[in-house]
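Letter by letter, the chains look like this.
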Amino acid sequence: MPDSQPAFVLPTPDVQRTRHEGFELYLPVASEQAPAVILVHGVPYTAEGRPVPSAWPIYQGYGSQLADLGCVATVVDHSPDGLPDDNRSTAALSAAISAVRTHPRVNGNRVGLWFFSGSAPLAATYLQHPPEWLRCVALTYPVLGDSDLVTIRGLHPIEAVAGAGGLPIVMTVVGRELADVAPTQPPFIAAARAAGADLEVVEVPEGRHGFDVLDHTDESRRAVTTALSSVTARLRA
């Protein structure tokens, strides 16, 4: 993501937000238990002089939109210094999942994980052996193989997706993807389809990596709206 703080392409609804130890929840209006979506920010990024990703307009936008659609949402600050560290990020994500699933406003059996950019390799474990509570995995301009942004160590998403079974996967891809990221995506799509995964691909032909803050176009707004709708629908299915 760029060093500046560009605005999200959709409005950011005014929803209730509550701070807890280590995370903040975006809450829907209805008080009954709701499905939850955990947003996992991309890496690497330049941390110096910037707030942690949970304070970025992009993730606040996604979180607020999800709450407005009736889901609980949170952002995992799994890399405060902006550097990839699989062990640290995996531990932070696991802790966030446990905390969110046991929160009284959350239906702990209906949870989605939404990975952005360089965080996508963290999805591998959940794709290979989807837990019963995981109802959807979303991937937005994901880095799914070795690139200038990420070097994958350990379990590879392209291999892991063979174990996804019927797990819904909502993947947003952009036509003007980074040159070293674009080649990592078709092998994943092919592997997912070969395995019979429930894969939906949302295409943004004119979008760039980070289109949801960089390209304020009708195409971008439609793509984000489609992804949000698809994720929330699968959490309720």
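Given the structure is predicted, the values throughout are model-derived calculations rather than measurements.

(A) Focus on the pairing of strand E1 (residues 16–20). One ladder, built from five bridges, connects E1 with strand E2 (residues 23–27); its direction is antiparallel. Along E2, the bridge assignment pairs Thr18 with Leu25. Between E1 and E2, which pair antiparallel in sequence order, lie two residues; one of them, Gly22, sits at a positive phi of approximately 90°.

(B) Structural context of the pairing of strand E6 (residues 134–140). Counting buried residues in E6 gives six out of seven residues, a clear majority hidden from the surface. Of the pairings in the sheet, the one linking strand E5 (residues 106–116) to E6 comprises six bridges and is parallel in character. Note that in E6 the partner of Leu113 across the bridge is Val137. Taken together, the four bridges between E6 and strand E7 (residues 168–176) define a ladder with parallel strand orientation. Looking across to E7, one finds that Ala138 is bridged to Val170.

(C) Main features of the packing of aromatic side chains. Going through the model one piece at a time under the given rule, you end up with ten aromatic pairs. Both rings, one in Tyr62 and one in Trp114, keep their centres 5.1 Å apart while their planes meet at 65°; by these two values the pair is edge-to-face. Of this pair, Tyr62 sits in helix H1 (residues 57–68) while Trp114 is found in strand E5, placing the two residues 52 residues apart along the sequence. According to the relative accessible area criterion, Tyr62 is buried, its value standing at 2%. When its relative accessible area of 1% is taken as the criterion, Trp114 is described as buried. Of note, Arg50 hangs over the ring of Trp56, and the distance from its end group to the ring centre comes to 4.1 Å.

(D) Fine view of the nonpolar core. Within the largest apolar cluster, 41 residues are counted, with the highest numbers of intra-cluster contacts made by Ile38, Leu93, Leu113, Phe115 and Leu139. If we skip the residues at most four places from it in the chain, Leu113 touches Ile38, Leu93, Ile97, Tyr126, Trp133, Leu134, Cys136, Val137 and Ala138. Grouped together as the second largest cluster of nonpolar side chains are 34 residues, Val37, Val224, Leu228 and Leu235 included.

(E) Just helix H2 (residues 86–101), in detail. For H2, with 16 residues, the first-to-last C-alpha span of 22 Å sits near the 22 Å given by 1.5 Å per residue. All buried positions along H2 are accounted for by Ser89, Leu93, Ala96, Ile97 and Val100. Projected onto a plane normal to the axis of H2, the buried residues spread over an arc of 100° and lie on a single side.

(F) Quick peek at the environment of Glu203. Of note, Glu203 is situated in strand E8 (residues 198–208). Along the backbone, Glu203 and Glu219 are 16 residues apart, and their C-alpha atoms lie at a distance of 9.4 Å.

(G) Spotlight on the sheet that holds E1. The strand order E1-E2-E4-E3-E5-E6-E7-E8 describes an open sheet built from eight strands, whose pairing is mixed. Each edge of the sheet is formed by a strand with only one pairing partner; in this case those strands are E1 and E8. Across the sheet, the axes of successive neighbouring strands diverge by a mean angle of 20°, strand direction being ignored. Each of E2, strand E3 (34–40), strand E4 (72–76) and E5 is contacted by H2, which is oriented at about 150° to E5, the strand it contacts most.

Cut-offs and rules
Residues numbered from 1 in each chain as written. Predicted model: local features only at pLDDT ≥ 70, side-chain atom pairs only at ≥ 80, totals over all residues. Heavy atoms only, no water. Pairing = 2+ DSSP bridges. Helix = DSSP H or I, 4+ residues; strand = E, 2+ residues; numbered from the N terminus. Buried < 20%, exposed > 50% of the residue type's maximum accessible area, 1.4 Å probe, protein only. Phe/Tyr/Trp six-rings, centres within 6.5 Å; stacked < 30°, edge-to-face > 60°. Lys NZ or Arg CZ within 6 Å of the ring centre and 35° of its normal. Core = buried A, V, L, I, M, F, W, Y, C linked by side-chain atoms within 4.5 Å. Contact = heavy atoms within 4.5 Å. Expected span 1.5 Å × (residues − 1). Arc of directions from axis to C-beta. Axes fitted to C-alpha atoms, helices over the stretch in contact; angles between N-to-C directions.

Functional significance is not addressed by these values, which are geometric in nature.
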